[in-house]
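Architecture and fold: a report
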Amino acid sequence: MPKEMEVEENGLHVENFGSLHIYSEEEHDDEQDPQVENEEDDEVEEQEPVTLGFVEKPKSPNSLLRHFFPSKAGGVPAWLDPVDLPSERSRACGICGEPLQFLLQVYAPISEKESTFHRTLFVFMCPSMACLLQDQHEQWKRQPEKPSRSVKVFRCQLCRSNPFYSSEPPRFDGTDKPSKVGAELCCWCGTWKGDKVCSSCKSARYCSEKHQIMHWRSGHKVDCQRISCQSLVSSSSNSTTSSMKILGKVAGNTLWTEFEIVSEDECVFDTEASEDNNYSTSLVCNDQMDETVNSLLESFEGSDDKKSWASFQERISKAPEQVLRYCRHFKVLSGFQGKTIVAHVKWPPIRV
């Protein structure tokens, strides 16, 4: 079963969804010796580099299918475990109760453990800016009684030997196929398990009442009548085939544009200064070196969050096109005190 992990988001812009920041809820130990902690952080950073993600158009329409274990953004998720999907409660926004929308997934196996031979992290968010802003407001409360989240992360992992995929790596020669068919998904979003069935045609499946209504209004009313009529004159197998042809692919038109996420170690950019001086969301321009950065940090002396945020912005300005920062050791990613960044997502194609 994919495991849900509590996340928080911050840094959203109402007019243009420029950045999404996902935080862990773990707090640093205030009583820990800062010098010892810094030494530990340096050691971890040397052992585990940060991986950056960049979006690009898929090489082919089929290159992001689940049996190729892709890292991707937008479109529909390529579920690692296509059968045991998150429950109805888990997949809903904790604020408005509507189904969350797929943002991105990262294939991040841990090879030294058999149980994590395959491992993928999935990020979902509510498309409502009102929910995102309320979520942000809720995070200002240190320990809310009933935390409600509009952004959620799920982790799924499989052993090398599993019911869904070959134990051998993909050949990419056109013969690769998954070993088992997955659960039937919602006809509208193509994301969540379709555990609700259209009462008329008995073929269209939905994850929620809202998606059923949206599909009906967008044209399923006509398709539903066609499927019902065909089922009266056709055998069961022929009827199923005809229904699939009529329903076609995912009907929803609100999915975000699909991209492949390609990765690169951050160390590659350590010696390369970015030439893009028009990076609008950076607090520190690329031509401002250490002296200016230090001056900026000193001006934020009264606010640890702002000071850390400036330091983080200076760091990501080395590769401004990055949409994702990933590392298993969350301290490596962070300059933040109190809360630590475990993922940084900046995705210009999204407009809310």
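For the structure itself, consult the block above.
Quantities reported herein were computed from a predicted structural model and do not represent experimental measurements.

Concerning the overall build of the protein chain
For the protein chain, the helix and strand inventory stands at 7 helices and 13 strands. Within the protein chain, contacts between residues separated by at least 24 positions form 68% of all contacts whose residues are at least 6 apart in sequence.

Some thoughts on the environment of Gly94
Along the chain, Gly94 falls in the loop between strand E5 (72-73) and strand E6 (101-107). The exposure class assigned to Gly94 is partly exposed, which follows from its relative accessible area of 37%. Here Gly94 is in contact with Ser148 and Arg149, once residues within four sequence places are set aside.

A look at empty space enclosed by the protein
Applying the stated criterion across every chain yields a total of 1 cavity of 30 Å³ or more. Roughly 30 Å³ of internal volume is contained in the largest cavity. Lining of the largest cavity is provided by Arg66, Phe69, Pro70, Ala78, Trp79, Leu80, Gln105 and Thr120. Per-class residue counts for the lining of the largest cavity are 5 nonpolar, 2 polar and 1 charged.

Digging into the packing of aromatic side chains
To describe a pair of aromatic rings, you give the distance between the ring centres and the angle between the ring planes. Counted under the stated rule, the structure contains 13 aromatic pairs. Aromatic side chains Trp79 and Phe122 sit 4.8 Å apart centroid to centroid with 40 degrees between the ring planes, which places their arrangement in the tilted category. Of this pair, Trp79 sits in the loop between E5 and E6 while Phe122 sits in strand E7 (residues 118-125), placing them 43 residues apart in sequence. Both residues of the pair, Trp79 and Phe122, belong to the buried class. Seen from their ring centres, Phe124 and Trp192 are 4.5 Å apart, and the 35 degrees between their planes marks the pair as tilted. One end of the pair, Phe124, is in strand E7; the other, Trp192, is in the loop between strand E8 (151-158) and strand E9 (196-197), and 68 residues separate them in sequence. Considered together, Phe124 and Trp192 belong to a single accessibility category, that of buried residues. Linked through ring pairs, Trp79, Phe102, Phe122, Phe124, Phe154 and Trp192 together constitute an aromatic cluster.

A closer look at the pairing of E7
Most of E7 is tucked away, with 8 of its 8 residues classed as buried. Side chains His118, Thr120, Phe122 and Phe124 project from E7 onto one buried face, and the interleaved Arg119, Leu121, Val123 and Met125 project onto a second face that is buried too. Where E6 lies against E7, 6 bridges are found, and the strand directions are antiparallel. Within E7, the residue paired with Val106 across the bridge is Leu121. Sheet topology places E7 next to E8; 8 bridges connect them, and they run antiparallel. Pairing of Leu121 across the sheet is with Arg155, part of E8.

Procedures and definitions
Residues numbered from 1 in each chain as written. Predicted model: local features only at pLDDT ≥ 70, side-chain atom pairs only at ≥ 80, totals over all residues. Heavy atoms only, no water. Helix = DSSP H or I, 4+ residues; strand = E, 2+ residues; numbered from the N terminus. Contact = heavy atoms within 4.5 Å. Buried < 20%, exposed > 50% of the residue type's maximum accessible area, 1.4 Å probe, protein only. 1 Å grid on protein atoms, 1.4 Å probe; cavity = no way out; pocket = protein on both sides within 12 Å on 5 of 7 lines; lining within 4 Å. Points joined across faces, edges and corners; volume = space filled by probe spheres on them. Nonpolar A, V, L, I, M, F, W, Y, C, P; charged D, E, K, R; others polar. Phe/Tyr/Trp six-rings, centres within 6.5 Å; stacked < 30°, edge-to-face > 60°. Pairing = 2+ DSSP bridges.

Take it as geometry only, folks, not as evidence of what the structure does.
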